[in-house]
Amino acid sequence: MRGFFGIGVERLSKPMNAGTLFRTAHAFGASFVFTIGATYSVTAARSDTSKTPENLPWYVYDSAAQLSLPQNCQLVGIELLDEAIELPRFRHPLRAAYVLGPEMGSLSPELVARCDHVIKIPTSFCVNVGVAGAIVMYDRLITLGKFGERPLSPLARAAAAGNPGGRHPKRPPRTQD
């Protein structure tokens, strides 16, 4: 995949959620992970069986003001805000750091102000931090990875070829009795 990415959390209070997020990030090829104003321990998390902080750079910041990213790396907040870009419309930067907020709250206004982009997953309510991070990382993989177009099903090919009614090409047309 082109570029690089990191993912982190701000003020997260549940180690299991951070562990799940970091393990998933490790599996998706993250270059680094980070915490802002959060306590994280692989031992306490128990869900990070890949021990991500032992295998990737892990940065710890006490506040949003301390956050330091690699040069030309864009900060992308993941938050359910009205003005946020819906994930299916978002073009991932080649160099990005994604950040999620706490389980029972939102990203701090200070951190949102630092974000180059704020995106939201089009759901009717918040999903688990680990799930939200996995969705965003999968979307990044699909859009920036070197994957070809998805193959069309026989029905979709028939519809694309102008088959009226989109009938399955192997099924005979229905007759009226």
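Just above sits the structure.
Please read all numbers here as calculations on a predicted model, not as lab measurements. (Residues numbered from 1 in each chain as written. Predicted model: local features only at pLDDT ≥ 70, side-chain atom pairs only at ≥ 80, totals over all residues. Heavy atoms only, no water.)

Asks: I tried to follow a nonpolar patch on the surface on my own but got confused; where do I start?
Replies: Taken together, the side chains of Val127, Val131 and Ile135 make up a nonpolar region of the molecular surface, amounting to roughly 190 Å² of accessible area. Topologically, Val127 is positioned in the loop between strand E7 (117–120) and helix H5 (129–144). Taking relative accessible area as the criterion, Val127 reaches 34% and is therefore assigned partly exposed. (Patch = residues over 30% accessible without salt bridge, like charges linked within 9 Å, V, L, I, M, F, W, Y side chains within 5 Å. Areas by Shrake-Rupley, 256 points an atom, 1.4 Å probe, with all protein chains shown as cover. Salt bridge = Lys/Arg side-chain N within 4 Å of Asp/Glu carboxyl O. Helix = DSSP H or I, 4+ residues; strand = E, 2+ residues; numbered from the N terminus. Buried < 20%, exposed > 50% of the residue type's maximum accessible area, 1.4 Å probe, protein only.)

Asks: Sorry if this is basic, but what is going on with the pairing of E7 here?
Replies: In summary, the side chains of a regular strand alternate between the two faces of the sheet. Here three bridges tie strand E4 (residues 74–78) to E7, and the two strands are oriented parallel to one another. Paired with Ile78 across the strands is Ile119, a residue of E7. Here two bridges tie strand E5 (residues 85–86) to E7, and the two strands are oriented parallel to one another. The partner of Glu86 across the bridge, within E7, is Lys120. (Pairing = 2+ DSSP bridges.)

Asks: Would you mind going over helix H1 (residues 15–27) with me for this structure?
Replies: Residues spaced three or four apart along an α-helix face the same direction, because each turn holds 3.6 residues. For H1, built from 13 residues, the straight-helix expectation of 18 Å at 1.5 Å per residue is met to within 8% by its first-to-last C-alpha distance of 18 Å. Among the residues of H1, Asn17, Ala18, Gly19, Leu21, Phe22, Thr24 and Ala25 are the ones counted as buried. Downstream of H1 by a residue or two, Gly29 has a phi angle that is positive, lying close to 90°. (Expected span 1.5 Å × (residues − 1).)

Asks: Could you clarify how one ought to interpret the packing of H1 against H5 in this entry?
Replies: The geometry of a pair of packed helices is captured by two quantities: the angle between their axes and the separation between those axes. Orientation of H1 relative to H5, taken along the N-to-C sense of each, is 15°, at an axis distance of 8 Å. Between H1 and H5, the crossing angle belongs to the class labelled roughly parallel. Crossing of H1 against H5: the hand is right-handed. Together, Asn17, Thr20, Leu21, Thr24 and Ala25 of H1 and Val129, Gly130, Gly133, Ala134 and Met137 of H5 make up the contact between the two elements. (Axes fitted to C-alpha atoms, helices over the stretch in contact; angles between N-to-C directions. Parallel < 35°, antiparallel > 145°, perpendicular 65-115°, else oblique. Left-handed = near helix turned anticlockwise from the far one by under 90°. Contact = heavy atoms within 4.5 Å.)

Asks: Got a minute to help me understand the environment of Thr35 in this structure?
Replies: Within the element layout of this structure, Thr35 appears in strand E2 (residues 32–36). Along the primary structure Thr35 and Val9 are separated by 26 residues, whereas in three dimensions their C-alpha atoms are 5.0 Å apart. If we skip the residues at most four places from it in the chain, Thr35 touches Val9, Phe22, Tyr40, Trp58, Tyr59, Val60 and Tyr61.

Asks: Explain unusual backbone geometry to me, please; I cannot follow it from the model alone.
Replies: Excluding glycine, a negative phi dihedral is what most residues carry, and trans is how most peptide bonds are arranged. In the Ramachandran plot, Arg11 falls in the positive-phi region, its phi being about 55° despite a non-glycine side chain. Mapped onto the secondary structure, Arg11 falls in the loop between strand E1 (4–10) and H1. By relative accessible area, which is 36% here, Arg11 ends up partly exposed. Unlike most non-glycine residues, Asn72 shows phi in positive territory, near 65°. By the element assignment, Asn72 lies in the loop between strand E3 (58–61) and E4. A relative accessible area of 53% places Asn72 in the exposed class.

Asks: Please clarify how the pattern of salt bridges should be interpreted in this entry.
Replies: As a working rule, side chains carrying opposite charge can pair if their charged atoms are close by. On inspection of all chains with the given rule, the structure shows two salt bridges. Between Glu10 and Arg11 there is a salt bridge, with the nearest N and O atoms lying 3.2 Å from each other. Looking at Glu10, the relative accessible area reads 3%, which means it is buried. Between Glu86 and Arg89 there is a salt bridge whose closest N-O contact spans 3.9 Å.

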